[in-house]
Amino acid sequence: QVQLVESGGGLVQAGGSLRLSCAASISGFSVYAVAWYRQVPGKQRELVASIRSSGITNYADSVKGRFTISRDNAKTTAFLQMNSLKPEDTAVYYCNAALGWVLGTDKSLWGQGTQVTVSS
């Protein structure tokens, strides 16, 4: 069975840091692209960061310089290191994994989400 499980969310003060983890039960994880999305109730889901199987990364402008996406293929786990957190970063964060160019689509895999709340 395939499954993504996020962890590491919580409540943090503005300026603080959190590291999210995405444990993937996926055969062949190393060839999957992985992304982190976030969503606030009533708003569209937003792509935060992605990492290809090659290690190439991409970030939303709003998090560049503050967030870092990484992966440990031996542990079949992806991470999102979040520094200098702002209240606007408050959202449910979802891990997403896919083969090819289908991140964020119905052909990709989704985790259950983890809540991140940043207070002023």
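Residues numbered from 1 in each chain as written. Predicted model: local features only at pLDDT ≥ 70, side-chain atom pairs only at ≥ 80, totals over all residues. Heavy atoms only, no water.

Draft legend 1. The arrangement of the overall build of the chain in detail. A count of helical and extended segments in the chain gives 0 helices and 11 strands. The helix and strand sequence of the chain, counted from the amino end, reads β-β-β-β-β-β-β-β-β-β-β. Each principal axis of the C-alpha atoms in the chain carries an extent, and together these give about 40 × 30 × 25 Å. Counting all 120 residues of the chain, 42% fall into the buried class. (Helix = DSSP H or I, 4+ residues; strand = E, 2+ residues; numbered from the N terminus. Buried < 20%, exposed > 50% of the residue type's maximum accessible area, 1.4 Å probe, protein only.)

Draft legend 2. Here's a closer look at the pattern of salt bridges. Tallying each qualifying case throughout the model produces 4 salt bridges. The salt bridge involving Asp 89 is made with Arg 38; its shortest N-O contact spans 3.0 Å. Placement of the pair is Asp 89 in the loop between strand S8 (77-82) and strand S9 (91-98) and Arg 38 in strand S4 (residues 33-39), with a sequence separation of 51 residues. Summarising the burial analysis for this pair, Asp 89 and Arg 38 share the class buried. Ionic contacts of the salt-bridge type, sharing partners, join the residues Arg 38, Glu 46, Arg 66 and Asp 89 into one network. (Salt bridge = Lys/Arg side-chain N within 4 Å of Asp/Glu carboxyl O.)

Draft legend 3. Focus on the nonpolar core. Ranked by size, the top nonpolar core spans 29 residues in total, and within it Trp 36, Val 48, Phe 67, Leu 80, Met 82 and Tyr 93 carry the most contacts. Counting only elements with at least two residues in this core, the list comes to strand S3 (18-25), S4, strand S5 (46-51), strand S7 (67-72), S8, S9 and strand S11 (114-119). (Core = buried A, V, L, I, M, F, W, Y, C linked by side-chain atoms within 4.5 Å.)

Draft legend 4. Spotlight on the state of the cysteines. Within the structure shown, the criterion is met by 1 disulfide. Cys 22 shares a disulfide with Cys 95; S-S distance 2.0 Å. The sign of the -85° torsion about the S-S bond sets the Cys 22-Cys 95 disulfide as left-handed. Of this pair, Cys 22 sits in strand S3 while Cys 95 sits in strand S9, and the two are 73 residues apart along the sequence. Here Cys 22 matches Cys 95 in class, with each residue buried. (Disulfide = S-S within 2.5 Å.)

Draft legend 5. Molecular detail of the environment of Ser 108. Tracing the sequence through the fold places Ser 108 in the loop between S9 and strand S10 (109-110). Each C-alpha atom, one on Ser 108 and one on Ala 33, is 9.6 Å from the other, the two residues being 75 residues apart in sequence. Apart from residues lying up to four places away in sequence, Ser 108 is in contact with Asn 96, Ala 97, Ala 98, Val 102 and Leu 103. Within polar-contact distance, the side chain of Ser 108 engages the side chain of Asn 96 at 2.8 Å. Within the structure, the side chain of Ser 108 is placed 3.4 Å from the side chain of Trp 110, a separation counted as a polar contact. (Contact = heavy atoms within 4.5 Å. Polar contact = N/O pair within 3.5 Å; in protein donor to acceptor, adjacent residues only side chain to side chain.)

Draft legend 6. Spatial organisation of unusual backbone geometry. Even without glycine at this site, Thr 76 takes up a positive phi of about 45°. Structurally, the position occupied by Thr 76 is in the loop between S7 and S8. We note that Ser 84 has phi near 50°; this positive angle belongs to a residue other than glycine. Mapped onto the secondary structure, Ser 84 falls in the loop between S8 and S9.

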